[in-house]
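Geometric and topological summary
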Amino acid sequence: MAVSASTPLELIDQVYGRLADRVTLGRQREGRPLTLTEKILWNHLADPTDAGTERGRSYTDFHPDRVAMQDATAQMALLQFMTAGLPEVAVPSTVHCDHLIQAKVGADRDLSFALDANSEVYEFLRTVSAKYGIGFWKPGSGIIHQVVLENYAFPGGMMIGTDSHTPNAGGLGMVAVGVGGADAVDVMTGFPFNVRYPKLIGVHLTGHLSGWSAAKDVILKVAEILTVSGGTGAIVEYFGPGAASISATGKATICNMGAEIGATTSVFAYDDAVARYLKATGREAIADRANAVAADLRADDEVLADPGRFFDRLIEINLSDLQPLVNGPHSPDLAHEVASLGAEAKAGGWPLEISAALVGSCTNSSYEDITRAASLARQASAKGLRSKTQLLITPGSEQVRATIERDGLLSDLEAIGATVLANACGPCIGQWERSDVDAATPNTIINSFNRNFPKRNDGSANTFAFVASPDMVVAYALAGTLDFNPLTDAIDGVKLDEPVGEELPAKGFDPGESGFLAPSGLGANVAVAVDPHSDRLQLLEPFAPWDGNDYIELPVLVKAQGKCTTDHISAAGPWLKYRGHLENISGNLFLGAVNAFTGEAGSGKDQLDGKIKPLPDIAKHYHESGQAWIAIGDQNYGEGSSREHAAMEPRYRNGKVIFARSFARIAEANLKKQGVLALTFADPATYDLIEADDRISVLGLADLAPDVPVRCRITKADGTTVDFTATQTLSPEQIDWFRAGSALNIIRQKFSQ
């Protein structure tokens, strides 16, 4: 199927053509009505007659409709795909260049600099896309999730993407799952996507958003309720009259940030708001087809009437009562109502003065978002107010940028002092060359992004980041302090009126300059550009298979204390430039992890020579010495991004096992894909027993079997031992990955036969 700048109707017809029969079969096999999530999953099962669908238990194969990759993760995904030996991808796939553009001074100069600095990587991605039949979106086209929403997402579809915020497409009724590159390689080679069948969390929305409350506040509230791990292993389905009152892009905002609760994905039903957005973005034919099967693009009536019977957990939110929220610092689930934020900031010792305010990101850069923010800017400018802090605006796509420029919205924001950045991720992912504050100085920023871990935005652990809706961000920028309630307080004697948004542009969208390059169809004649001497790109060698032996007395590289997110394991920011070079990027391994033995981040004791060193240096020393090792995490190990580098780096440096009290879904899946054992302490207190000089053994690996606990042993420095048990979630197929050395090795073996 040809790759184009939109979803082919041929693909839509295939998906909708089997939908009714698959839903009927699902009802028969389940013996009950179905939720929307279940309908979409049943329609994409690889084997609908025999597939296991026990929630939270069955490992199930699916055939997604498409794959999307952003430039930072696409490098490693496509380097892996190149080793599989196929002439082209098996499903429609796209690459989006959005992560490598650093925010410095403004859109044009920043984009120009990125094109020069990253030319080698962009040329690799362009040529590898051309060779293997992949659509390529050039730098400046926009953020992957906004571009997908505008062009590829469709109700009832299923996609995977190599970014944790892929669930953004759930706003259009799509089951869209963030994965590591190895999962993407599976699907691009024609293999199924294997995942544990999800549990279901229902969020019943009633009432109607009004005034200062925005769609962003819905997910900020859900994050407060479920916390950063409460959605792990589950799909969140939003429904009810309140859901129908939210715009399609508002729905996307809610689904996007569902990554921050650990959810597999989030989804809304197809409704009039989705139809309006499809038509406004030139996809009326898709809306017409969706209308014809609309009954199966929402939950069954019985589910809507009595949702408690059909969901594993049910949350009720009345939008009419929902107050604007600001979440943070340091964790996206720490929620504060604006009326109490100032007092709580004072009690927490957080800096009240706001050093920067940032609007945009894949979560909040729609036309509606910008109109709400600009409505505040217009009235502020008319009353003589300007932003009291640095105000940065990131359009989500070239289409949004061109439209808001045409409609005067950028001028409204610039009139209060805003700087417009490139259509890219920028500060949201740490691509921010910040010079206005010293990294040693505690400071506060507020943004409309999704993730606010320490060092996330500007590399400084002293930056206290808060997350809110775009209009809240503008209001706080005008006030310059957290000690402010936009609903009641005045700024220099001026009381702001409530923001006013426009769901869709009255004049239609201006597409701007197209950034899409279709593959030529002459892939066999295309040479992929990889310089063997490059420090940014490195062809991959297969990982060695398991040697058949138990792991005996392996040293502990690090025992992480507290949060150990993907940012702690494999930092982004300046390290993004090495995403295509496994050896070089391994220089950041665990640099952000706080060592429980010392309380310091990024360093530990080398057990081979007794010296204190940076953790990446220890891992390199172990690797070069042939010494295998293990690492230990706390709760929700690997939360955050989908980046598989957090699994590939330990694997490359001879890490064999990661122990933790619990794992984030994508992190656990990525470790399995690369042949690293992800083991959970059966007794969480075992974490506390492990000391710096201990050695860990993992026994009985020849008998590894699904759901069977693994025997382990701690050997103390004095020779005494402590036995303990670890659990694992390996399926038979995943055990094969472990034995083969990686999932990709299995694929490689099958295509070489």
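Residues numbered from 1 in each chain as written. Predicted model: local features only at pLDDT ≥ 70, side-chain atom pairs only at ≥ 80, totals over all residues. Heavy atoms only, no water.

1. Describing the overall build of the protein chain
So the rule is basically this: Here a helix means four or more residues in a row that DSSP labels H or I, a strand means two or more in a row labelled E, and each is numbered from the N terminus. With the radius of gyration taken over C-alpha atoms, the globule rule is written as 2.2 Å times the number of residues to the power 0.38. Think of it in three bands: residues with accessible area under 20% of the maximum for their type are buried, residues over 50% are exposed, and the middle band is partly exposed, with areas taken using a 1.4 Å probe on protein chains only. The contact definition used throughout considers only heavy atoms, calling two residues in contact when any of these lie within 4.5 Å. Residue exposure ignores everything except the shown protein chains as possible cover, and the areas themselves are Shrake-Rupley values with a 1.4 Å probe. Think of it this way: Lys and Arg go in the positive column, Asp and Glu in the negative one, and His and the chain ends go nowhere. Charge coordinates come from a single atom per side chain, which is NZ of Lys, CZ of Arg, CG of Asp or CD of Glu.
Across its full length, the protein chain holds 26 helices and 28 strands. For 753 residues, the compact-globule estimate of 2.2 N^0.38 gives 27 Å, and the C-alpha radius of gyration of the protein chain, at 25 Å, lies within 12% of that figure. Seen along its three principal axes, the alpha-carbon backbone of the protein chain occupies a region of about 75 × 60 × 55 Å. By residue count, 63% of the 753 residues in the protein chain fall in the buried class. Counting only contacts in the protein chain whose residues sit at least 6 apart along the sequence, the fraction spanning at least 24 positions is 76%. For the protein chain, the exposed surface amounts to about 24900 Å²; the carbon and sulfur share of it is 48%. One finds the centroid of the 64 positive side-chain charges in the protein chain at a distance of 1 Å from the centroid of its 92 negative side-chain charges.

2. Remarks on the state of the cysteines
We apply this condition: Cysteine sulfur pairs qualify as disulfides if the two atoms are within 2.5 Å.
All told, the structure shown has zero disulfides when counted by the stated rule. Looking at cysteine 97, it has no disulfide partner, and the nearest cysteine sulfur is the one in cysteine 425, 11 Å off. Take cysteine 97: its relative accessible area is 1%, and that puts it in the buried class. When its relative accessible area of 7% is taken as the criterion, cysteine 425 is described as buried.

3. Remarks on the nonpolar core
Put simply, the test is: What makes a nonpolar core is a set of buried Ala, Val, Leu, Ile, Met, Phe, Trp, Tyr and Cys residues whose side-chain atoms join them at distances within 4.5 Å.
If you look at the biggest cluster of nonpolar residues, it comprises 150 residues, and the most contacted ones within it are Met69, Leu78, Leu125, Met188, Leu413, Ile446 and Tyr476. With eight residues, the single largest contributor to this core is helix 18 (residues 470-479). In contact with tyrosine 476, not counting residues within four places along its chain, are Val326, Val338, Leu341, Ile354, Ile446, Thr481, Leu482, Phe484 and Pro486. Counting 28 residues, the second-largest nonpolar core is a separate cluster that includes Ala215, Val218, Val222 and Leu226.

4. Examining the sheet that holds strand 10 (residues 265-268)
We apply this condition: Here, any two strands with at least 2 DSSP bridges between them count as paired. Structural elements are reduced to axes, namely lines fitted to C-alpha atoms, with helices fitted over the stretch in contact, and the angle between N-to-C directions of any two is expressed from 0 to 180 degrees.
Here we have four strands laid out as an open sheet, ordered 10-9-8-11, and parallel in their pairing. Since the sheet does not close on itself, it has two edges, and those belong to strand 10 and strand 11 (313-318), each with one partner. Averaged over all pairs of adjacent strands, the angle between their axes in this sheet comes to 20°, without regard to strand direction. Judged from the six bridges that link them, strand 8 (residues 199-206) and strand 9 (residues 234-239) form a sheet pairing that is parallel. Counterpart to glycine 202 in the pairing with strand 9 is glutamate 237. Seen against the sheet, helix 8 (residues 215-226) touches strand 8, strand 9 and strand 11 and runs at an angle of roughly 140° to strand 11. Against the sheet, helix 10 (residues 248-256) contacts strand 9 and strand 10, and its axis sits at roughly 160° relative to strand 10.

5. A closer look at the pattern of salt bridges
Spelled out, the test is: A pair is scored as a salt bridge if a Lys or Arg side-chain nitrogen falls within 4 Å of a carboxyl oxygen belonging to Asp or Glu.
This structure, assessed with the given rule, holds 39 salt bridges. Across the pair arginine 289 and aspartate 13 runs a salt bridge whose closest N-O atoms are separated by 2.7 Å. Residue arginine 289 is located in helix 12 (residues 284-292), and its partner aspartate 13 is located in helix 1 (residues 9-30); the two are separated by 276 residues in the primary sequence. For arginine 289, a relative accessible area of 28% translates into the label partly exposed. A salt bridge links aspartate 186 to lysine 673, with the nearest nitrogen and oxygen atoms 2.1 Å apart. With aspartate 186 in helix 7 (residues 181-188) and lysine 673 in helix 23 (residues 665-673), this pair connects stretches of sequence that are 487 residues apart. The pair aspartate 186 / lysine 673 is uniform in exposure class, with both members buried.

6. Topic: the side chain of arginine 66
Within the secondary structure layout, arginine 66 lies in strand 2 (residues 66-70). This buried residue, arginine 66, is left without a salt bridge; aspartate 65 holds the nearest opposite charge, at 8.3 Å. Here arginine 66 is in contact with Thr7, Val91, Pro92, Ser93, Thr94, Tyr152, Met158, Met159 and Ile160, once residues within four sequence places are set aside.

7. Quick word on the sheet that holds strand 27 (residues 710-715)
Ordered in space as 20-23-24-25-28-27-26, the seven strands form a closed barrel in which the pairing is mixed. Neighbouring strand axes in the sheet, compared pairwise and without regard to direction, differ in orientation by 40° on average. The pairing of strand 20 (residues 551-559) with strand 23 (residues 629-632) spans three bridges and is classified as parallel. What sits directly across from lysine 559, in strand 23, is isoleucine 632.

8. Side note on the environment of proline 470
Assignment of secondary structure puts proline 470 in helix 18. With 259 residues separating them in the primary sequence, proline 470 and glycine 211 have C-alpha atoms 14 Å apart. What proline 470 contacts, discounting residues up to four positions off in sequence, is Val359, Asn364, Asp369, Ala373 and Ser448.

9. Topic: the pairing of strand 2
Here is the rule we go by: By convention a crossover is right-handed if, when the strands point away from the viewer, the path from the first strand over the helix to the second runs clockwise.
When you tally the buried positions in strand 2, you get five out of five residues, the bulk of the element. A two-sided burial pattern is seen for strand 2, the buried positions comprising Arg66, Ala68 and Gln70 on one face and Val67 and Met69 on the other. Here strand 2 runs beside strand 5 (residues 158-161); their pairing, made up of three bridges, is parallel. By the bridge assignment for strand 5, valine 67 is matched with isoleucine 160. Examined bridge by bridge, strand 2 and strand 3 (residues 93-96) share four bridges and lie parallel to one another. Each residue of the ladder has a partner; that of alanine 68, found in strand 3, is threonine 94. Following the backbone out of strand 2, through helix 3 (residues 71-82) and into the adjacent parallel strand 3, one traces a crossover that is right-handed.

All quantities given are derived from atomic positions and should not be read as evidence of function.
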